[in-house]
Structures are given as C-alpha cells and as structure tokens.
Amino acid sequence: YTVSRILETFDLRIIDVDELPTHGGSLRVYACHARDPRTVDKRVAEILNAEERAGLRRLDSYQAFQKRADTVKDGLVRFLIEHKRAGRTVAAYGAAAKGNTLLNYGGIKPDLLPFVCDAAVSKQGKFLPGSHIPILPPSAIREHKPEFLLILPWNIADEVMQQHDYINEWGGRFVVAVPETRVL
C-alpha cells in the first residue's frame with residue numbers, strides 16, 4: 001500500500017509484484033507510468049489484501065511492533081551487560097544491515113560487543129556504521145575464543161552454527177536476539 005502511494009505521487013502505478021524469501025520476506029515491485037495500458041496482475045490485489053489482513057494500515061499494529069522491538073533490544077542489552085559484568089566475552093557474527101540496525105537501536109558499542117566477524121573481505125578491517133564496532137575476519141573467532149557468539153543474521157542462524165560449530169571446542173555457545181535473546 002505504501003509503495004503504491006509513493007509511486008502515485010510520481011504518476012506511476014504498480015502492475016505486478018513478486019514475493020521473495022530474501023531477508024525473511026521481501027517484495028519486488030514492478031511499476032509503470034500511470035497511463036500505461038498494461039493491466040495489473042492479480043498478485044497486486046492479493047498482496048494488498050494480505051497487508052490489510054495483517055493490519056499494516058492500522059496504527060495499533062505499529063505500536064505493537066514497537067513494543068516487540070523494545071523487548072528485543074532490552075533483552076539483548078541486558079544479556080550483553082550481564083555477561084560483561086561476569087567477565088565473559090561476547091563477539092558477533094554477520095555485519096549485515098539488520099544486525100547493525102539492532103545494535104544501533106540498542107546503543108550497543110564496542111564496550112559491550114568488542115568485534116563482529118564477517119566472511120565478506122570487503123567489510124573486514126572496517127567498522128559497523130554508528131556503533132564503530134570493528135569488523136574482523138571469521139578467523140578472529142578462533143583467535144579470541146569468545147564464550148558467546150551472537151548471530152546477527154538470525155534468519156540464517158542454523159547455517160552460521162554449522163559453519164562455526166568449532167566454538168564447541170572451548171565451550172562457546174551461540175546466541176540470537178530475535179525474536180528474543182536466547183542461548184542456543
């Protein structure tokens with residue numbers, strides 16, 4: 001609905017939409033000029049109806065989402081502070097946008113999360129935007145042997161745990177923050 005409203009302001013309209021599994025669910029929207037003769041695919045109405053049923057045009061849906069976002073943030077910050085006070089080390093894996101958004105929302109800085117590892121060479125040696133947490137190669141996990149490895153791309157937690165199951169050698173444990181902070 002929101003995309004169609006934005007497009008309308010530029011004299012454009014949606015003619016088709018694809019549902020993609022990327023990032024836990026995304027839409028690819030096809031648009032054309034408002035006066036273009038192409039017909040609108042039935043998937044557009046199906047998606048708009050699904051959005052309506054999901055409450056995406058109601059303020060209370062977003063207020064409930066805010067409460068869930070606060071619960072996730074509070075749980076993660078509490079977990080990081082608790083383990084820092086206990087002298088335990090926590091590192092993170094995955095320098096993707098979704099995890100970075102969560103870290104920035106929680107005000108999490110290197111004092112609570114000293115580094116994040118990512119397999120993308122292009123990210124290594126840089127810092128997460130906002131938090132300035134250093135991004136290291138995955139080899140830093142073996143080098144530093146954190147007691148907990150926070151999986152920031154929680155939607156692929158199983159894959160990350162398989163790739164880094166060697167943390168079991170020193171008693172390391174995996175953690176996710178969404179939908180709630182929990183040790184796996």
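Computed from a predicted structure; not experimentally measured.

Along its length, the protein carries 6 helices and 8 strands. Mapped in sequence order, the helices and strands of the protein form the string α-β-β-α-α-β-α-β-β-α-β-α-β-β. The C-alpha radius of gyration computed for the protein amounts to 20 Å, which surpasses the reference 16 Å derived for 184 residues by more than 25%, pointing to a less compact arrangement than a globule. When its C-alpha atoms are laid out on the principal axes, the protein stretches across 65 × 35 × 30 Å. In the protein, which comprises 184 residues, the proportion classed as buried is 34%. A separation of at least 24 residues holds for 54% of the contacts in the protein among residues at least 6 apart in sequence. Surface accessibility of the protein: about 11,200 Å² in total, with carbon and sulfur atoms responsible for 55%.

Bringing unusual backbone geometry into the picture now. With an omega of 5°, the peptide bond running from Val-178 to Pro-179 counts as cis. Within the element layout of this structure, Pro-179 appears in the loop between strand 7 (173-176) and strand 8 (182-183). Positive phi outside glycine occurs at Asp-11, with the angle close to 60°. Secondary-structure assignment places Asp-11 in the loop between helix 1 (2-8) and strand 1 (12-20). For Asp-11, a relative accessible area of 35% gives the class partly exposed. Its identity is not glycine, yet His-132 carries a phi of approximately 60°, on the positive side. Its place among the elements puts His-132 in the loop between strand 4 (116-117) and strand 5 (135-136).

Below, the discussion takes up the pattern of salt bridges. Applying the stated criterion to the full structure yields 10 salt bridges. Here Arg-57 makes a salt bridge to Glu-52, at a shortest N to O gap of 3.4 Å. Close ionic contact of Lys-84 with Asp-111 constitutes a salt bridge, the shortest N to O distance being 3.8 Å. Separated by 27 residues along the polypeptide, Lys-84 in helix 3 (residues 59-85) and Asp-111 in the loop between helix 4 (97-105) and strand 4 bring together distant segments of the chain. Ionic contacts of the salt-bridge type, sharing partners, join the residues Asp-16, Asp-41 and Arg-43 into one network.

Attention shifts here to the environment of Arg-182. Along the polypeptide, Arg-182 turns up in strand 8. Assessed through its relative accessible area of 34%, Arg-182 is described here as partly exposed. Distance in space between the C-alpha atoms of Arg-182 and Leu-150 is 9.6 Å, their sequence separation being 32 residues. Sequence-distant contacts of Arg-182, defined by excluding residues within four places in its chain, comprise Phe-174, Val-175 and Val-176.

Let us now look at a nonpolar patch on the surface. The grouping of Val-3, Leu-27 and Val-29 at the surface amounts to a nonpolar patch, some 210 Å² of accessible area in total. Given a relative accessible area of 41%, Val-3 falls into the partly exposed group.

So, on to the nonpolar core. Counting 22 residues, the largest nonpolar core has Leu-76, Leu-80, Leu-103, Ile-108, Leu-113, Val-116 and Leu-150 as the members making the most contacts within it. At the level of secondary structure, the elements contributing two or more residues to this core comprise helix 3, strand 3 (90-93), helix 4 and strand 6 (148-151). Top element by residues in this core is helix 3. It accounts for 5 residues. Discounting chain neighbours no more than four positions away, the residues touching Leu-150 are Leu-76, Val-90, Ala-91, Ala-92, Tyr-93, Leu-113, Val-175, Val-176 and Ala-177. By size, the runner-up hydrophobic cluster in this structure holds 15 residues, among which are Ala-140, Tyr-166, Ile-167 and Phe-174.

Cut-offs applied
Residues numbered from 1 in each chain as written. Predicted model: local features only at pLDDT ≥ 70, side-chain atom pairs only at ≥ 80, totals over all residues. Heavy atoms only, no water. Helix = DSSP H or I, 4+ residues; strand = E, 2+ residues; numbered from the N terminus. Rg over C-alpha atoms; globule rule 2.2 N^0.38 Å. Buried < 20%, exposed > 50% of the residue type's maximum accessible area, 1.4 Å probe, protein only. Contact = heavy atoms within 4.5 Å. Areas by Shrake-Rupley, 256 points an atom, 1.4 Å probe, with all protein chains shown as cover. Salt bridge = Lys/Arg side-chain N within 4 Å of Asp/Glu carboxyl O. Patch = residues over 30% accessible without salt bridge, like charges linked within 9 Å, V, L, I, M, F, W, Y side chains within 5 Å. Core = buried A, V, L, I, M, F, W, Y, C linked by side-chain atoms within 4.5 Å.

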